[in-house]
Amino acid sequence: MSKTAETEGALETRGIEQVPDHERTARTRELFPTWVGANISVLLLTMGASLVVAYRLNFWQALVVAAAAPVVSYGLVGLIGIAGKRGGAPGMALSRAVFGQRGNLLPGSLIWIARWGWETINAVTGAYAVLTVLDIVFGIKANSVLDMVTLLAFVVATFAISGLGINAVQKCNKYATYLFGAFSVLVLGYLIVDTDWSAVFDRSAGSVAAMITGVGLIAAGGVSWIPSAPDFTRYLPRTASSKGIVGVTVGGAGIVVLPMVLMGMIMAVSTPDLASAADPVSFLGEILPTWIAVPYLLIALIGMLLINSMSMYSAGFTAQTLGFKIPRHWAVSVNAVISLVFGGVLMLVATSFMGSFIAFLSLLAVAFSAWVGVFGADMLRGREYDGGAMADTSRTSAYWYRGGFSPAAVAAWAVGLAAGLMFTTSDWFTGPLAANNFVGEYGLGWVATVVISGALYAVLPKPALVVPAAQAARAAEREPATV
């Protein structure tokens with residue numbers, strides 16, 4: 001991220017306010033390591049294994065799934081990221097222009113809560129990586145106390161990076177990209193030599209329904225980043241290429257997702273219990289030789305730190321839009337504490353990590369997709385974002401609409417969310433329309449959510465944008481005089 005007057009220090013102090021044009025000097029290509037770093041996760045290996053074990057896909061089907069998932073999910077991330085260069089503010093701050101100052105609290109609260117689960121999953125995975133390295137290198141076995149110590153260390157490190165701000169996140173992503181790329185090539189080389197390829201290619205094909213469901217499984221992680229996309233593009237100038245934003249976002253994610261998912265699939269052919277392992281990390285110590293497993297696990301640990309740091313970075317903005325009157329770096333601490341508590345529960349109580357993870361992903365995608373449908377449909381209208389109106393949470397705001405709500409946006413969001421849940425199946429919840437139709441059977445509840453919420457918002461009447469007299473007068477004073 002290019003240096004600006006606001007971000008050149010170690011600590012970024014800017015919150016949800018609009019970034020002035022003169023500080024928006026970032027470059028589109030700098031998004032590439034951001035979305036590489038957002039996907040450096042061993043969970044992709046486990047999800048790749050699930051394509052073989054749970055969905056019974058063969059290699060070529062898994063290849064199609066692994067290629068399609070980042071295009072679908074991160075294509076949406078890139079498209080919503082365009083709003084960041086237009087408005088120069090975080091996603092949930094821009095959302096005030098769509099839902100209204102009070103109406104935005106509804107999707108904002110749900111997205112914030114959903115982030116608790118995402119950050120908990122990442123924190124637990126990072127803690128498991130530390131525990132596995134301790135076991136391999138020093139023979140130290142995990143226990144309840146050590147579980148909590150490693151989890152605490154991971155959360156504290158995450159808070160330190162995300163609390164510093166976007167420069168720290170971007171720099172860490174850049175170096176992690178080089179390390180991860182080098183060691184992924186090493187692991188891939190080992191698998192090429194060590195794998196029984198006849199067993200990989202002789203597998204029978206699975207169903208088309210399983211392939212589509214698999215795309216949804218892999219894409220769910222990307223969908224969770226969609227509301228955060230403007231957080232990482234708000235320092236781009238208004239003239240930045242929209243096509244470039246989408247292309248770099250998809251490319252950065254795809255260059256990680258595709259090989260990781262395929263490596264997980266290949267590993268699962270010889271180790272079928274990989275997809276149902278007690279934790280998502282320890283299997284690497286069994287499949288790979290120590291000289292590869294240890295550095296790869298350490299890099300994976302760095303990756304999980306970066307993913308959680310990015311998530312908490314955005315969560316800090318979301319907390320501020322919900323009314324937390326504290327600086328961004330302290331708003332981040334709220335999510336840090338929550339992920340520590342929930343992570344402890346998951347590590348000590350949950351009987352199946354992957355079962356909980358996949359159930360969570362299916363509901364996470366729906367929770368985020370309702371917002372995506374409405375916000376995306378609003379973007380297509382060519383929305384412009386008024387920084388003063390976004391910051392003004394009183395009745396004088398141009399985004400106050402009717403009692404602080406945009407009826408069209410709130411109604412479309414609520415209906416889309418309810419409809420999507422009705423088509424969704426998970427271990428925790430099964431909707432009444434999840435069977436006997438292709439939407440439910442193919443795991444397309446989150447797609448239905450986007451389509452229904454977006455289409456409904458498009459046809460509903462929108463409230464007029466009323467600019468208060470005082471605000472209009474200030475705008476007139478800023479206009480150059482004409483002769």
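Please read these numbers as outputs of a predicted model, since none were measured by experiment.

### A closer look at the confidence of the model for the protein chain
Right, on to step 1. With 87% of its residues at a pLDDT of at least 70, the protein chain reaches an overall mean of 83.
Right, on to step 2. Scored below 50 in pLDDT, residues 1-9 makes 29 contacts in the model with residues more than four places away or belonging to other chains.
Right, on to step 3. Note that pLDDT drops below 50 for residues 472-483; the model gives that stretch 1 contact with residues more than four away or on any other chain.

### Thoughts on unusual backbone geometry
Right, on to step 1. Positioned with a positive phi, arginine 56 is a non-glycine residue whose angle comes to about 55 degrees.
Right, on to step 2. Residue position: arginine 56 is located in the loop between α2 (43-53) and α3 (59-87).
Right, on to step 3. Classification of arginine 56 as exposed rests on a relative accessible area of 57%.
Right, on to step 4. In the Ramachandran plot, tyrosine 401 falls in the positive-phi region, its phi being about 55 degrees despite a non-glycine side chain.

### Describing the environment of valine 450
Right, on to step 1. Position of valine 450 among the secondary structure elements: in helix α19 (residues 445-459).
Right, on to step 2. By relative accessible area, which is 21% here, valine 450 ends up partly exposed.
Right, on to step 3. As a C-alpha pair, valine 450 and phenylalanine 375 span 75 residues in sequence and 9.9 Å in three-dimensional space.

### A word on the nonpolar core
Taken as a class, soluble globular proteins show a tendency for nonpolar side chains to be buried jointly.
Right, on to step 1. Residues Trp35, Ile218, Trp225, Trp371 and Phe375 are the most contacted members of the largest nonpolar core, which totals 141 residues.
Right, on to step 2. Beyond its immediate stretch of four places on either side in the chain, isoleucine 218 contacts Leu44, Met47, Val65, Ala69, Val257 and Val261.

### Looking at the packing of α3 against helix α10 (residues 208-223)
Right, on to step 1. Across the interface, α3 lies against α10 with an axial gap of 8 Å and an inter-helix angle of 40 degrees. Put simply, α3 runs oblique to α10. In this structure, the crossing between α3 and α10 has a hand that is right-handed. Along the contact surface, α3 presents Gln61, Val64, Val65, Ala68, Ala69, Ser73, Tyr74 and Val77, while α10 presents Met211, Gly214, Val215, Ile218, Ala219, Gly221, Gly222 and Val223.
Right, on to step 2. Grouping the amino acids of the contact of α3 with α10 by side-chain chemistry returns 11 nonpolar, 5 polar and no charged.

### With respect to helix α11 (residues 242-270)
Right, on to step 1. For α11, with 29 residues, the first-to-last C-alpha span of 43 Å sits near the 42 Å given by 1.5 Å per residue.
Right, on to step 2. Most pronounced at glycine 254, the bend in α11 amounts to some 30 degrees.

Cut-offs and rules
- Residues numbered from 1 in each chain as written.
- Predicted model: local features only at pLDDT ≥ 70, side-chain atom pairs only at ≥ 80, totals over all residues.
- Heavy atoms only, no water.
- pLDDT = per-residue confidence, 0-100.
- Contact = heavy atoms within 4.5 Å.
- Helix = DSSP H or I, 4+ residues; strand = E, 2+ residues; numbered from the N terminus.
- Buried < 20%, exposed > 50% of the residue type's maximum accessible area, 1.4 Å probe, protein only.
- Core = buried A, V, L, I, M, F, W, Y, C linked by side-chain atoms within 4.5 Å.
- Axes fitted to C-alpha atoms, helices over the stretch in contact; angles between N-to-C directions.
- Parallel < 35°, antiparallel > 145°, perpendicular 65-115°, else oblique.
- Left-handed = near helix turned anticlockwise from the far one by under 90°.
- Nonpolar A, V, L, I, M, F, W, Y, C, P; charged D, E, K, R; others polar.
- Expected span 1.5 Å × (residues − 1).
- Bend = angle between axes of the 7 residues up to and from the residue.

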